[in-house]
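Summary of the model geometry
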Amino acid sequence: MADVNILVLADHAEILGTIIRLIHKNEGWSGTGVAGYDQAEEALKKNKFDLVLLGVGVDDEAEARILRLCESIAPETVCMRHYGGGSGLLSSEIQHALAQR
């Protein structure tokens with residue numbers, strides 16, 4: 001089992017796949033990708049995530065809904081927006097976010 005479980009929400013399938021692949025390159029990290037709020041809600045209710053990563057296509061309203069959802073059902077889960085960049089930046093962003101919890 002992974003030490004860090006990450007939920008990635010993005011509406012662009014190719015980018016979502018790339019982010020998940022980059023997450024899985026890190027030993028001890030596991031990523032689950034979802035394409036919309038409803039899928040994210042279902043995943044959060046069924047699994048424990050250390051981090052919710054908001055990616056491409058997640059607008060401000062969806063981000064606010066996810067933040068409220070995490071506060072209500074998974075307050076220990078860190079939520080952050082990923083703005084793109086290479087695998088080094090993604091890894092650094094995730095490590096920084098997890099260090100803040």
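Just above sits the structure.
Residues numbered from 1 in each chain as written. Predicted model: local features only at pLDDT ≥ 70, side-chain atom pairs only at ≥ 80, totals over all residues. Heavy atoms only, no water.

**Details of helix α2 (residues 37–46)**
Among the residues of α2, Tyr37, Ala40, Ala43 and Leu44 are the ones counted as buried. The buried residues of α2 occupy one face: seen down the axis, they fall within an arc of 125 degrees. Exposed and oriented more than 90 degrees from the buried face of α2 are Asp38, Lys45 and Lys46. The elements touched by buried residues of α2 are β1 (4–9), β2 (29–34), β3 (51–54) and α3 (60–73). (Buried < 20%, exposed > 50% of the residue type's maximum accessible area, 1.4 Å probe, protein only. Helix = DSSP H or I, 4+ residues; strand = E, 2+ residues; numbered from the N terminus. Arc of directions from axis to C-beta. Contact = heavy atoms within 4.5 Å.)

**A short note on the pattern of salt bridges**
In this structure the tally under the stated criterion is four salt bridges. Of the charged contacts in the structure, one is a salt bridge between Lys45 and Glu41, with a shortest N-O distance of 3.2 Å. In this pair, Lys45 and Glu41 are both assigned in helix α2, four residues apart and thus about one turn of the helix distant. On the basis of relative accessible area, Lys45 is assigned to the exposed category, the value being 56%. Glu41 sits in the partly exposed class, given a relative accessible area of 22%. When the shortest N-O distance is used, the salt bridge between Asp50 and Lys48 registers 3.5 Å. (Salt bridge = Lys/Arg side-chain N within 4 Å of Asp/Glu carboxyl O.)

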